[in-house]
There are 2 protein chains.
Amino acid sequence: MDPPTSPDDEAAAFFRAAPPFRDRDAVAASLAAFVARHRARAAAGGGGGGGGGPPAAAAGVVCVTSGGTTVPLEQRCVRYIDNFSSGQRGAASTEYFLKAGYAVVFVHRRGSKQPYCRFLPEDSFLDLFELGEGSEIQVPESHTTVVKTAISSYRKAIDEGLLLKLPFTTIFEYLQLLQLVSTAMNCLERHGMFYCAAAVSDFYVPWESMAKHKIQSAGGPLNMQLSQVPKMLFILRNQWAPSAFCVSFKLETDPDILIQKAEAALRKYGMNVVVANELASYKDVVVMVTSSGKTTVSRRSKEDDLEEQLIALLVKMHSDHAKQSNPEQET
Amino acid sequence: MDPPTSPDDEAAAFFRAAPPFRDRDAVAASLAAFVARHRARAAAGGGGGGGGGPPAAAAGVVCVTSGGTTVPLEQRCVRYIDNFSSGQRGAASTEYFLKAGYAVVFVHRRGSKQPYCRFLPEDSFLDLFELGEGSEIQVPESHTTVVKTAISSYRKAIDEGLLLKLPFTTIFEYLQLLQLVSTAMNCLERHGMFYCAAAVSDFYVPWESMAKHKIQSAGGPLNMQLSQVPKMLFILRNQWAPSAFCVSFKLETDPDILIQKAEAALRKYGMNVVVANELASYKDVVVMVTSSGKTTVSRRSKEDDLEEQLIALLVKMHSDHAKQSNPEQET
């Protein structure tokens, strides 16, 4: 068999060989219901509120991807390659999208940072609580505000049906999920947005060529050959959801190649925006690369989230994008 | 330079090349204080309570290792190899060791399961809480008991100084931490116990031969050569804490080689017990392999923890082990 050559062929070969996605039908059904509920709303209003004011009556639907994907090295998986990502960016961005009136499909790595939980202790949330004299659950004074705000904001998003959380672990699950979400969101046309902040593996071991059992260590050093993961952003843009507003991220550790790689990704995959960030400073500064130029976004202070400004700018750009296709819309 | 040949040489070469352990002095100081506090107690009573009764007045100190280690593939780490382990075994075992009167050094992977948090929802603990009418924090009726028990048991262990939690992420941090803990616990002699449930990488990329920046994906498939991690259990047993009671774990996916590999580990590293478990059934059944034979431990029902029986048996064995060296002890 000749190796596949076009991005389409590569993607098709990847999906054919991937282990089947568990709960596909249930996930597809919850996605369809979520999108249908927000479709009318998005089409009527277009774009988000942005800025500091209250959100517009209706905004769009955004798929936020967050956290790293794993690459199993064995079919009965003991070992896997992982990509560094706490999910901080995706979790913070989800909060600001919700604040701007968006409905959010939060496609996240299991166990990564969750919206509204970012400021809570990581290792043992039990550190947050104590029992009062009547054995009622109490939160120490120092944490009361942050815990109460977290609970009420989270409850609001869930109760109003604005947040759909879908977890993944492996690269196989992630890409199958991305396909499910983007084909479900395609009907939103220009009101849909993809904000692909997940750290996606570039290399993987095809399922069929993977060791069945745990690789034994008695045989000396281990040699591994990994294949390239097909560039699915290209397929997303060209087939799955061609009218959506697409934002992807480029993370590098070497500042000398960062912008050039972001510009290449913009052209190659047809993104609307590529957000370039460097590992050493990703919390403090990013560069938004678009076809019309570059915009640097810096956080104002250590107490602020960079994502607040970033999402405000993107919501404005998405609103303009949505208007282009709907000249007849009522405003 | 010739390749190192003895386990000692291999270990020395590994530590020489590893990136320095951050907070080494602070961790060493907290360990020294913890061990000193429990040393007199352990020496006076020896062994634990075990069984169903109340714990003996004084038990030993156990180091529980838990969760998987990572192997960075780049110095400014974006990608790493990880070992599957939720940390469930180590977290549950820690609870039963505490119940048996032990002081526990819980050496755990950051973000893995924590003692007393095992029954709480994984992805968003905010699902556990709601705000009452007076905006007080409430737990839904269905979860009240489990949350209150978790909070009170955890608080008790922390307040009584019986639990020291030390986190790691990489294989470099884990092995440096294991050395720190075991040399600190060496003064406990036979009253010390090591319960090494962490899933430790067998292969790694030596720091010096590691890519400095993120590996680029433009160059086609990726070839990696990984070296074997030195077998530190041998060094632990022979140098760091030679009198301690040592329990290690062997996980395989192939049942045909499991027991034979556990027996080999028992001999090779001089463990007191090797707990053999299979990926498909590790929550339901394990086999304790010792020099005097094999004991199968099965959990009684889905509601029980296998670790309850396992720890009871080990506490009894450790108590016998501790008595051997202290014929003059007062009982």
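Rules used throughout
Residues numbered from 1 in each chain as written. Chains lettered and ligands numbered in written order. Predicted model: local features only at pLDDT ≥ 70, side-chain atom pairs only at ≥ 80, totals over all residues. Heavy atoms only, no water. Helix = DSSP H or I, 4+ residues; strand = E, 2+ residues; numbered from the N terminus. Expected span 1.5 Å × (residues − 1). Buried < 20%, exposed > 50% of the residue type's maximum accessible area, 1.4 Å probe, protein only. Arc of directions from axis to C-beta. Contact = heavy atoms within 4.5 Å. Buried area = accessible area lost by both parts, 1.4 Å probe. Salt bridge = Lys/Arg side-chain N within 4 Å of Asp/Glu carboxyl O. Polar contact = N/O pair within 3.5 Å; in protein donor to acceptor, adjacent residues only side chain to side chain. Least-squares fit on C-alpha atoms with pLDDT ≥ 70 in both.

(A) Region of the structure containing helix 7 (residues 255-269) of chain A. Residue and element names in this part refer to chain A. If you check helix 7, its first and last C-alpha atoms are 22 Å apart, about what 15 residues at 1.5 Å a residue would give, namely 21 Å. Considered for burial, the residues of helix 7 that qualify are Leu-258, Ala-262, Ala-265, Leu-266 and Tyr-269. All buried residues of helix 7 project into a common sector of 105 degrees when viewed along the axis, lining one side. Away from its buried face, by an angle of more than 90 degrees, helix 7 presents the exposed residues Asp-256, Gln-260, Arg-267 and Lys-268. Buried residues belonging to helix 7 abut helix 6 (232-240), strand 11 (245-252), strand 12 (273-278) and strand 13 (285-290).

(B) Representation of the interface of chain B and chain A in the model. Listed per partner, the contact involves 63 residues of chain B and 63 residues of chain A. Counting the surface lost from both chain B and chain A, the interface buries some 5,900 Å², and carbon and sulfur atoms represent 58% of this. Where chain B meets chain A, there are two salt bridges. Across the salt bridge formed by Arg-79 of chain A and Asp-202 of chain B, the nearest N and O atoms sit 2.4 Å from each other. Summed over the shared surface of chain B and chain A, the result is four residue pairs in polar contact (both at pLDDT 80 or more). Counting residues per element, the ones that place at least two in the side of chain B that touches chain A are strand 3 (79-83), strand 5 (130-131), helix 4 (141-159), strand 7 (163-168), strand 10 (222-228), strand 11 (245-252) and helix 7 (255-269) of chain B.

(C) Structural context of the relation of the copies chain B and chain A. Least-squares fitting of chain B to chain A yields an RMSD of 0.0 Å, with the superposition described by an axial translation of 0.0 Å and a rotation of 180 degrees. Read as a symmetry element, the transformation amounts to a two-fold axis. Residue Ile-81 of chain B of chain B places its C-alpha closer to the rotation axis than any other residue of that unit, at 2.0 Å. Residue by residue, 100% of the interface of chain B is reproduced at the interface of chain A, so both copies engage with the same surface.

(D) Local environment of the side chain of Gln-114 of chain A. Summarising the element assignment, Gln-114 of chain A is placed in the loop between strand 4 (103-109) and strand 5 (130-131). A polar contact of 3.1 Å, which involves the side chain of Gln-114 of chain A, links it to the backbone oxygen of Ser-112 of chain A.

(E) View of unusual backbone geometry. All names here are of chain A. Of note, Glu-189 is a non-glycine position whose phi angle comes to about 50 degrees, a positive value. Assignment of secondary structure puts Glu-189 in the loop between helix 5 (171-185) and strand 8 (192-196). Classification of Glu-189 as partly exposed rests on a relative accessible area of 47%.

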